[in-house]
Amino acid sequence: MDSAETMKTGEHIEALEAAGRSLADAAAEAGADAPVTTCPGWRIRDLLRHTTMVHRWATAFVTEGHTSYHPDGGEPDLDGEELLAHYREGHTRLLAALRAAPETLECWTFLPAPSPLAFWARRQAHETTVHRADAESALPAGVPGPIDPRVAADGIDELLRAFHGRDRSRVRTPEPRTLRVRATDTEDVWTVRLSPEAPHTTLDDVGPADCELSGPADRLCLTLWNRLPDSAVHVTGDASLARLWRANSAITWS
């Protein structure tokens, strides 16, 4: 079962809606000043300012059809209830824009995808899902809640095969090494071939691996996004590859 390859645009939009609402609910419960433990140095207000900026930036591509890179509008200078309302409004606008966009939408993208509409729906679904986990880490329990396994597996796939398939990936090794990622609840398996070049990842279980990370898709997804420690999943083989991933895999806003 290759659930990582089966999600459709409509499902991504549904995942974006659910994650965005849960993020807002967790932020409201935690309060603007609560520390976000998964993002050291951030508080809930920082998370909301960043996420609403990203939502509004994405909406502009979908609604205005920019065919080249267009800068974001910056983070809002808001706080408290006003900031939360601003976040909710931006999330609602993004959902409306994606649902109204034609399949023939033409605009700028930065990862491989079947279409610009498919790209923005998928990217914002996973952006918001990870940041939902960030918001939940600020609650008293301090532990992100579960993610639907299919959504999580698709998020792993985007991270491994799209983000880290780019030349800018810093996850490299002097000699060829292989990292395997195995989702035990969806049966998806990724083979990440490391070398002095950018990683090459395939959705398969071919050949031996130097290190394997295995566990439920949602724990794997958050671990690979450096939101959970490696102890959240099962690591076998050469654990230095898991440490290499943690040290060099961060995706930063630029």
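Residues numbered from 1 in each chain as written. Predicted model: local features only at pLDDT ≥ 70, side-chain atom pairs only at ≥ 80, totals over all residues. Heavy atoms only, no water.

**Things to note about the pattern of salt bridges**
Piece 1. Taken as a whole and assessed by the stated rule, the structure comprises 23 salt bridges.
Piece 2. The closest approach of N and O atoms between E17 and R21, which form a salt bridge, is 2.9 Å. A residue pair is termed a helical-turn pair when its members lie 3 or 4 positions apart in one helix, as E17 and R21 do in helix α1 (residues 9-30) at four residues.
Piece 3. In this structure E17 comes out as buried when scored by relative accessible area, which is 17%.
Piece 4. In this structure, the salt-bridge partner of R122 is D154, at a minimum N-O distance of 3.0 Å. (Salt bridge = Lys/Arg side-chain N within 4 Å of Asp/Glu carboxyl O. Helix = DSSP H or I, 4+ residues; strand = E, 2+ residues; numbered from the N terminus. Buried < 20%, exposed > 50% of the residue type's maximum accessible area, 1.4 Å probe, protein only.)

**Re the packing of helix α5 (residues 149-162) against helix α6 (residues 217-224)**
Piece 1. Closest axis-to-axis distance for the α5/α6 pair is 8 Å, and the angle between their directions is 35 degrees. Crossing geometry of α5 relative to α6 is assigned as left-handed. In this structure, α5 uses P149, A152, A153, G155, I156 and L159 to contact α6, whose residues at the interface are A217, D218, L220, C221 and L224.
Piece 2. Residues of the contact of α5 with α6, tallied by class, amount to nine nonpolar, one polar and one charged. (Axes fitted to C-alpha atoms, helices over the stretch in contact; angles between N-to-C directions. Left-handed = near helix turned anticlockwise from the far one by under 90°. Contact = heavy atoms within 4.5 Å. Nonpolar A, V, L, I, M, F, W, Y, C, P; charged D, E, K, R; others polar.)

**So, the side chain of D154**
Piece 1. Along the chain, D154 turns up in helix α5.
Piece 2. A polar contact of 2.8 Å, which involves the side chain of D154, links it to the side chain of H12. (Polar contact = N/O pair within 3.5 Å; in protein donor to acceptor, adjacent residues only side chain to side chain.)

**Topic: the sheet that holds strand β2 (residues 189-194)**
Piece 1. The strand order β3-β2-β1-β4-β5 describes an open sheet built from five strands, whose pairing is mixed. Taken across any chain shown, the strands that pair with only one partner, and hence form the sheet edges, are β3 (200-202) and β5 (234-237). Strand-to-strand twist across the sheet, computed as the mean angle between neighbouring axes with direction ignored, equals 15 degrees.
Piece 2. Bridge analysis of strand β1 (residues 177-183) against strand β4 (residues 211-215) gives five bridges, and the strand direction is parallel. Paired with L179 across the strands is C211, a residue of β4. (Pairing = 2+ DSSP bridges.)

**Observations concerning the packing of α1 against helix α3 (residues 80-100)**
Piece 1. Put simply, α1 and α3 touch, their axes get as near as 10 Å, and they point 175 degrees apart. As far as their axial angle goes, α3 and α1 are roughly antiparallel. Of α3, the residues touching α1 (which contributes I13, L16, E17, G20, R21, L23, A24, D25, A27 and A28) are L84, Y87, R88, H91, L94, L95, L98 and R99. (Parallel < 35°, antiparallel > 145°, perpendicular 65-115°, else oblique.)

**As for the pairing of β4**
Piece 1. For β4, the tally of buried residues reaches five of five residues, placing the bulk of the element in the interior.
Piece 2. Burial of β4 is two-sided: the residues C211, L213 and G215 facing one way and the residues E212 and S214 facing the other way are all buried.
Piece 3. Sheet topology note: the β4/β5 ladder contains four bridges and is antiparallel. By the bridge assignment, S214 is partnered in β5 with H234.

**What about the environment of R123?**
Piece 1. Looking at the element boundaries, R123 is found in helix α4 (residues 116-137).
Piece 2. For R123 and T109, which are 14 residues apart along the polypeptide, the C-alpha to C-alpha distance reads 9.8 Å.
Piece 3. For R123, the residues in contact, after removing those within four places along its chain, are F110, L111, E158, F163 and W225.
Piece 4. A polar contact is formed between the side chain of R123 and the side chain of E127, at a distance of 2.8 Å.

**Brief notes about α6**
Piece 1. By the criterion of burial, α6 is predominantly enclosed, with eight of the eight residues buried.
Piece 2. Restricting attention to buried positions, one finds in α6 the residues A217, D218, R219, L220, C221, L222, T223 and L224.
Piece 3. N226 lies just past α6 and shows a positive phi near 60 degrees.

**Some details on α1**
Piece 1. Helix length check: α1 (22 residues) gives 31 Å between terminal C-alpha atoms against 32 Å at 1.5 Å per residue, within 8%.
Piece 2. Of all the residues in α1, the buried ones are T9, H12, I13, A15, L16, E17, A19, G20, L23, A24, A26 and A27.
Piece 3. Those residues of α1 hidden inside the fold are in contact with α2 (44-64), α3, α4 and α5.
Piece 4. A positive phi of about 95 degrees marks G31, the residue just after α1. (Expected span 1.5 Å × (residues − 1).)

**Notes on the side chain of H50**
Piece 1. As for its position among the elements, H50 is in helix α2.
Piece 2. There is a polar contact of 3.4 Å between the side chain of H50 and the side chain of H131.
Piece 3. With sequence-adjacent residues up to four places away left out, H50 is seen in contact with W42, E75, E127, H131 and W253.

Everything listed here is a matter of coordinates, which is why it stays silent on function.
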